[in-house]
Amino acid sequence: MFKFSRNKKKSPPMPVPDAAHHQALEGDANGLERKEEPARLPLRVRLRASRQALGERMADLFHVARNIDAALMEEIETLLLTADVGVDTTKNIIDSLRLGVKRRELNDSAALFQALRSQLADLLTPVQSPLEVDAGAKPFVILIVGINGAGKTTTIGKLAKRLKLAGHSIMLAAGDTFRAAAVEQLKTWGERNEVPVIAQQTGADSASVVFDALSAARARHIDVLIADTAGRLHTQTNLMDELSKIKRVMHKIDPATPHEVLLVLDGGTGQNALNQAQQFDAAVDVTGIAVTKLDGTAKGGMLFALAKKTGKPIRFIGVGEAADDLRVFNARDYVDALLPESL
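For clarity, every value in this text was computed on a predicted model and none was experimentally measured. (Residues numbered from 1 in each chain as written. Predicted model: local features only at pLDDT ≥ 70, side-chain atom pairs only at ≥ 80, totals over all residues. Heavy atoms only, no water.)

**Notes on the overall build of the protein**
Applicable threshold: Numbered from the N terminus, helices here are DSSP runs of H or I no shorter than four residues, and strands are runs of E no shorter than two. Three labels apply to residues, based on accessible area from a 1.4 Å probe with only protein chains included: buried if under 20% of the type maximum, exposed if over 50%, partly exposed otherwise in between. When checking whether two residues touch, look at their non-hydrogen atoms; a contact exists if any pair is within 4.5 Å. Each accessible area value is a Shrake-Rupley result obtained with a 1.4 Å probe; residue values ignore everything except the protein chains displayed when judging cover.
The number of helices and strands found in the protein is 12 helices and 12 strands. The 343 residues of the protein split such that 54% are buried. The long-range fraction of contacts in the protein, counting pairs at least 24 apart against all pairs at least 6 apart in sequence, stands at 76%. Looking at the protein as shown, the accessible area adds up to about 15,000 Å², and 49% of this sits on carbon and sulfur atoms.

What follows is the structure, encoded as structure tokens:
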């Protein structure tokens, strides 16, 4: 159990641990079901589709010893593009590899492959930044944003479980008032995690809900308040303006809030995730990203494009339905899960 100091100047941030859990929470739009969690699978197993789209096909290029020529470089470039790494990011990688070959620093395919692995890891390392809860902020406020279907509410449930296991007291705010199902789902997560949920009727003003929740969290000396928001397309200006309104209303109570604006992105959306990140950042100053559904059909390369284009910290990746499948992002582990360590 963590202990918290009331002295803000002396209270260090507390990292959210990547602890294993004994129970899993699985959810959908209709509710949640508690069940025993299976043994935690290695990341490379969870990222099967991404590994097939990038790692295994890349290894096939180098399977037979071959000369480093223009054809090989073009094949690598094509594979990176089809894996959602992005045009600009791929160009930077290929240009660097070609420079290494020209300087005779990369003399064979094995050296080229290792250089590629290193470049991919170097892209992600600067954005490897776990979420840290400031013990001096009472409450530490996390605002969850993202489009419909990205997995915001499920991420909230998993994050609440993780934070509670870390010793924090938690409160949830049902700020997605546009969908009755969203409110009910969040309430169910609250019941399963045994944390309070502040909610109003469907159609209520979202900013009002968050305002009430923040007031209640302060009165009850809650450690962490996690606020849901309505899913919206990044192109819907009026709804994006509503997010800005939520921030303004929160500032009336505490100008430092929210302490974290966590953008939830669906790992299967590919390069469209870049547009989402840029638009949400313009509206509410995104401070962290969680990429979900990487255990599905996601190609895996999108994280490299996000890292290069946005520079925003990647806090978590979602690789399954169980609570423990919201994992703290680690750059080296991610690259190791996608690409074999050697040919």
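**Side note on the environment of glycine 149**
Here glycine 149 lies in the loop between β5 (140-145) and α6 (152-165). With 115 residues separating them along the chain, glycine 149 and valine 264 place their C-alpha atoms 9.7 Å apart. With sequence-adjacent residues up to four places away left out, glycine 149 is seen in contact with Asp266 and Lys293.

**Comments concerning the sheet that holds β5**
Stated precisely, the cut-off is as follows: Strands are treated as partners if at least two bridges between them are detected by DSSP. Comment: axis = line fitted to C-alpha atoms, over the contacting stretch for helices; angle = value between 0 and 180 degrees taken between N-to-C directions.
Pairing is mixed in the open sheet, where eight strands are placed in the order β7-β6-β8-β5-β9-β10-β11-β12. For this open sheet the edge positions go to β7 (197-198) and β12 (326-328), each flanked by a neighbour on one side alone. Relative to strand β10 (residues 288-292), strand β9 (residues 260-266) is paired through five bridges, and the arrangement is parallel. Residue pairing across strands places aspartate 266 opposite threonine 292, the latter belonging to β10. Sitting on the sheet, helix α11 (residues 302-310) touches β9, β10 and β11 (314-318), and the angle it makes with β10 is about 165°.

**Side note on the pattern of salt bridges**
Keep this limit in mind: Each reported salt bridge corresponds to a side-chain nitrogen of Lys or Arg within 4 Å of a carboxyl oxygen of Asp or Glu.
All chains considered together, the criterion is met by 14 salt bridges. Across the salt bridge formed by lysine 309 and aspartate 88, the nearest N and O atoms sit 2.5 Å from each other. You can see lysine 309 sitting in helix α11 and its partner aspartate 88 sitting in helix α4 (residues 87-102), a full 221 residues away along the chain. Two residues, lysine 312 and aspartate 281, come together in a salt bridge whose shortest N-O distance is 3.0 Å. Here the residue lysine 312 occupies a position in the loop between α11 and β11, and aspartate 281 occupies one in helix α10 (residues 272-284), the gap between them amounting to 31 residues. Using a relative accessible area of 23% as the deciding quantity, one classes aspartate 281 as partly exposed. A network of salt bridges, in which partner residues are shared, links Arg46, Asp325 and Arg327.

**Overview of the side chain of arginine 315**
Convention followed: Residues adjacent in sequence count toward polar contacts only when both atoms are side-chain atoms; beyond that, a polar contact is any pair of N or O atoms within 3.5 Å, and within protein one must be able to donate a hydrogen and the other to accept it.
In this fold, arginine 315 is placed in strand β11. The buried category is assigned to arginine 315, whose relative accessible area is 10%. Within the structure, arginine 315 has its side chain in polar contact with the side chain of glutamate 260 (distance 3.0 Å).

**Comments concerning the environment of alanine 182**
Within the secondary structure, alanine 182 is located in helix α7 (residues 180-193). For alanine 182, the contacting residues outside a window of four places in its chain are Thr153 and Asp176.

**Comments concerning the packing of aromatic side chains**
Note the threshold: Planes of paired rings set the category: under 30 degrees apart is stacked, over 60 is edge-to-face and the rest tilted, where pairs are Phe, Tyr or Trp rings (Trp by its six-membered ring) whose centres lie within 6.5 Å.
Counted under the stated rule, the structure contains two aromatic pairs. Considering the side-chain rings of phenylalanine 304 and tyrosine 334, the 6.1 Å spacing of their centres and the 55° angle between planes classify their relative orientation as tilted. Remark: tyrosine 334 occurs in helix α12 (residues 331-338) and phenylalanine 304 occurs in helix α11; sequence separation between them is 30 residues. Classification of phenylalanine 304 as buried rests on a relative accessible area of 0%.

**A few points about the nonpolar core**
We apply this condition: Buried Ala, Val, Leu, Ile, Met, Phe, Trp, Tyr and Cys residues form a nonpolar core when they are joined through side-chain atoms within 4.5 Å.
Core analysis: the biggest nonpolar cluster contains 101 residues, and Met58, Ile76, Ile142, Ile226, Phe304 and Tyr334 have the highest contact counts within it. Looking at this core, the element that brings in the most residues is helix α5 (residues 109-124), giving eight residues.

Such coordinate-based values are descriptive only and should not be taken to indicate function.
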